[in-house]
Structures are given as structure tokens and as C-alpha cells.
Amino acid sequence: MQMPTFEPPRLGEPYLLTPGPLTTSYEVKEAMLRDWGSWDGDFRAMTAELRARLVAMLGEGSDAFTCVPMQGSGSFSVEAMLGTLVPKHGKALVLANGAYGQRAADSLRYAVRAVEVLDKGDYLPPRGPEIAAILAADPAITHVVAIHCETSSGILNPIPEIAQAVEAAGRALLIDSMSAFGAIPLPPTQIRYQAIVSSANKCIEGVPGFGFVLVRTDALEAAKGNAHSLALDLYAQWATMEKTGQWRYTPPTHAVAAFLTALHAHEAEGGVPARGARYAANRDTLVAGMRGLGFETLLEDRWLSPIITTFFCPADPAFAFQPFYDGMKARGFIIYPGKLTEVDSFRLGHIGRMDSAVMARVVQAVAETLADMGVTDATPPAAALEERNKQAEAA
Ligand SMILES: *Cc1c(COP(=O)(O)O)cnc(C)c1O
């Protein structure tokens, strides 16, 4: 398959190495240059197309699923999924290894659902046997919540292994695939789950404004009356959409139009496999280049995602995050601070309208910025590496 070639952002913007919002194509932005009536048949057709395309993206076995878009950022859709599918007297086990797992647990607490957290710290993956043991010991747990790519470290959690443990115990699996959906497949014929959630401004490369839940239709039908929130009632949103073709409350019309353009580009590129391959190539170029400069990744190769990578800050006393950030911005790249509690780190995202050629320029910009700062050695502190290697053994 031919790799797409990307022109740089036309409007003089920097590339966003922050997933997301992320760098979108000019065509996606251009699609927002008109107004749409929310009640009008043209917009209803756009909503129907969006829902059908997202369900189809699951591949074989997708006919058991329906798509419910929900206004707001991704967290609103996570909250709608959790508060609607976990019944009032249900109990959820959240598999946490970063900020998004913790947020899912917080959402459940706000919804007054019983919740237990398997907290693996900053970046260790939850493994099948430990999940099986918790589920065997606690028959009250009805749902397990997993994070597909935990964007706070970039770890790609082992969903197939998690799903197997959950299915074997007869519980339902809910997946936050926010930063992975559209680039990493979750084939329902091989991985059993009740619902997954993602948003417009991640791997589909749309603009922020809404998220969506892909849920087994029978599970959603059974969830009527569960929701703790009027606006975030996923069942009610779905029932209204099925009946009228409309969103329940004001839809993000421009973001929907942009998203449809992004969906067409996703298909033209070759769908999920091609999108995932481009992002993986981005990562490989970036990680090899950064290692060439002396940087080290937080994670071992087998846990690196194609979405975002965490690097340790150099031990060199001439290094500081803010001047590094400023130097990268001056060269056209917006980077992300780290989210680890123990060691200093930063993150570089590799999703969005970018290819390997852009990632090679990122590495070049890093080299130039370090030279400007007088950093001669990008090696991380020995203590950070020691801790990482100790943790890796435990995983
Ligand atoms: C982006 C993201 C979310 C949602 O974050 P919002 O800021 O609400 O859009 C949730 N989970 C993961 C794993 C994410 O990457």
C-alpha cells in the first residue's frame, strides 16, 4: 500500500505532538466552513453515515453493535458509557495504570457505583491471572473497565489477555479505546467486550467536540433506566437517534462535518490497518532517532504503543523542560509534559496528520534544541533506569 504524503499544515500552525487535539488536514478544517441545521435532513443523514461507518470499522461481528455519539470531550462519553451500562447495583473493577484509569474510577464514584481499582502504578500492565483471581474472589463484580492505550504513559495494555480473563469469569468488559480506536483493531469475533468508547479528535483525526460509544445493542437495550445523569444517558441518546435521526440536544454540527471528512480520509488511506501502520512507522522513526541522541523510553519495546511515547528527561543539569518546550515550539512542534509521579519525563505523540518524514524532523529539532541549551548528553539519571528495569522484571 502506498504511504500518503503529507503537506505541512497550511496555516503556519505548529505540528501537535499531543494526542489530542492533534494535527488535522486542511480538508478537515475546511469542512467546517458552513453551518448545518441540526433538525435538517442533510444533517440527519450525516449523523446516520457517521454511526454506520464507525460500527463497520469494527469489522466482522459488528452487526451486534450500535454507535451512540455523545456531545463533549472523550471523558463525557466515558462517563455516559459507565453510568449507563453499569447498573445502580452493579460493581466495576477498574484496571488502572495511569491517569485515564483513575479518571474512569472517579467517574464511577461520581455515579455512585461500587468500584474496585486494580492499581498497577504509573505504567505496569494489568495481567490476565491477577484479574482472574480478583474476579473469582468477588462475585459482586459485574463489569471490568480496561484502558486500551493508557495515554499518560503510552503503554499498550494487553486487551486480548484481559478480555479472555473477563469472559472466562462471565463478566462484561468495557474498554476505553479513546486513543487507539481507528488505528489498533479490536475484532469482536476474537475479543469479547460489551462496549468501547473513543472520540473525534484521536486516531480518526477529526476535531474535538464529541465522543462515541460502540455498544452491543442488546446490552444497551437492557440498560434503560440505569443512567445517573440526564444529559449523559447513553440509552436515551440512542433511543432518540433511532427514532428521529437526531441528537437529543444541540449537536456539534461543525465537528460532525469535519469528522465525516476525516472518516473518508481514513477509508481512503486503507482503514484501520493502514492507519495503524503509519502510526507504528512514526513511532519507530521517532524512537530510533531519539535513542540515537541518547534518550531512553520509559517502556520496553513490547509495551510501546503506536500512539504516544514517554521519554525520560536527560540527567544533564543543562536540561530543563520549559526551555526544551520553547525550543521545540520555535521549530514548529508542540510537545507534552510527562505524567509520571516518580521521575521527570516528557511525551511525544505520533498520531495525527503526520508521517515518518515529519518524525525525522522532530528528531532533528530535538537535536538542535539540545545543542542550543548546551545539553551534551541525553542519558537519563541512573536511578530512573534502575527503577524502570526493576519494574520491567516485575511485569
Ligand atoms: C483522550 C483520552 C480520554 C478523554 O480525554 P478528554 O480530554 O476528555 O477528551 C480518555 N481516555 C484516554 C485513554 C484518552 O487518551
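Owing to the predicted nature of the structure, the values given are computational and were not obtained by experimental measurement.

Participant: Hey, could you run me through the UniProt feature "modified residue: N6-(pyridoxal phosphate)lysine" (unreviewed entry) in the chain in this one?
Facilitator: When the UniProt feature table is mapped to this numbering, "modified residue: N6-(pyridoxal phosphate)lysine" (unreviewed entry) covers Lys202. Relative to the elements of secondary structure, Lys202 occurs in the loop between strand S9 (195-199) and strand S10 (210-216). Excluding its chain neighbours within four sequence positions, the residues that come into contact with Lys202 are Pro19, Gly20, Leu22, Met178, Ser179 and Ile351.

Participant: Is there a simple way to explain the side chain of Thr47 in this structure?
Facilitator: Topologically, Thr47 is positioned in helix H2 (residues 41-56). By relative accessible area, which is 2% here, Thr47 ends up buried. In contact with Thr47, other than residues within four places in its own chain, are Met241, Gly245 and Trp247.

Participant: Which parts of the structure should I look at to understand the pairing of S9?
Facilitator: Residues in a regular strand point their side chains to alternate faces of the sheet. Of all five residues in S9, five are buried; the element is thus mostly enclosed. Every second residue of S9 is oriented toward a common face, with Ala195, Val197 and Ser199 on one face and Ile196 and Ser198 on the other, all of them buried. Pairing geometry for S9 and S10, over five bridges, is antiparallel. Bridge pairing links Ser199 to Gly211 in S10.

Participant: Where do I start with the side chain of Asn282 in this structure?
Facilitator: Relative to the helices and strands, Asn282 is located in helix H10 (residues 271-292). A relative accessible area of 0% means that Asn282 is categorised as buried. Setting aside residues no more than four positions away along its own chain, Asn282 makes contact with His350, Met354, Asp355, Ser356 and Met359.

Participant: Which parts of the structure should I look at to understand the packing of H10 against helix H12 (residues 356-373)?
Facilitator: Geometrically, a packed helix pair is captured by the angle between its two axes and the distance between the axes. Two elements in contact, H10 and H12, have axes separated by 8 Å at closest approach and are oriented at 20°. As far as their axial angle goes, H12 and H10 are roughly parallel. The crossing of H10 and H12 is right-handed. Judged by residue contacts, Ala281, Asn282, Thr285, Leu286, Gly289 and Met290 of H10 engage Ser356, Met359, Ala360, Val362, Val363 and Val366 from H12. Considered class by class, the residues forming the contact of H10 with H12 number eight nonpolar, four polar and no charged.

Participant: Help me understand the UniProt feature "domain: Aminotransferase class V" (unreviewed entry) in the chain in this model?
Facilitator: When the UniProt feature table is mapped to this numbering, "domain: Aminotransferase class V" (unreviewed entry) covers residues 103-298. Annotation note: span residues 103-298, helix share 42%, strand share 16%, distance between end C-alpha atoms 22 Å.

Participant: Mind showing me how you'd approach the domain arrangement of the chain here?
Facilitator: How large an interface is tends to be reported as the accessible area lost when its parts come together. Domain parsing of the chain yields domain 1 (15-19 + 271-394) and domain 2 (26-267). Just the C-alpha atoms count here: the centres of domain 1 and domain 2 sit 28 Å apart. Around 2,400 Å² of area is buried between domain 1 and domain 2 when both sides are counted, 60% of it from carbon and sulfur atoms. Counting the surface domain 1 buries against domain 2, the share from its top three residues, Val272, Arg275 and Trp303, is 29%. Where domain 1 touches domain 2, the interface holds two salt bridges. One salt bridge in this structure joins Arg278 and Glu205, with 3.0 Å as the shortest N-O distance. In this assembly, domain 1 and domain 2 are joined by ten residue pairs in polar contact (both at pLDDT 80 or more).

Rules of the game
Residues numbered from 1 in each chain as written. Predicted model: local features only at pLDDT ≥ 70, side-chain atom pairs only at ≥ 80, totals over all residues. Heavy atoms only, no water. UniProt positions renumbered as here; feature names shortened; annotations may be inferred. Helix = DSSP H or I, 4+ residues; strand = E, 2+ residues; numbered from the N terminus. Contact = heavy atoms within 4.5 Å. Buried < 20%, exposed > 50% of the residue type's maximum accessible area, 1.4 Å probe, protein only. Pairing = 2+ DSSP bridges. Axes fitted to C-alpha atoms, helices over the stretch in contact; angles between N-to-C directions. Parallel < 35°, antiparallel > 145°, perpendicular 65-115°, else oblique. Left-handed = near helix turned anticlockwise from the far one by under 90°. Nonpolar A, V, L, I, M, F, W, Y, C, P; charged D, E, K, R; others polar. Domains from an automatic or database assignment. Buried area = accessible area lost by both parts, 1.4 Å probe. Salt bridge = Lys/Arg side-chain N within 4 Å of Asp/Glu carboxyl O. Polar contact = N/O pair within 3.5 Å; in protein donor to acceptor, adjacent residues only side chain to side chain.

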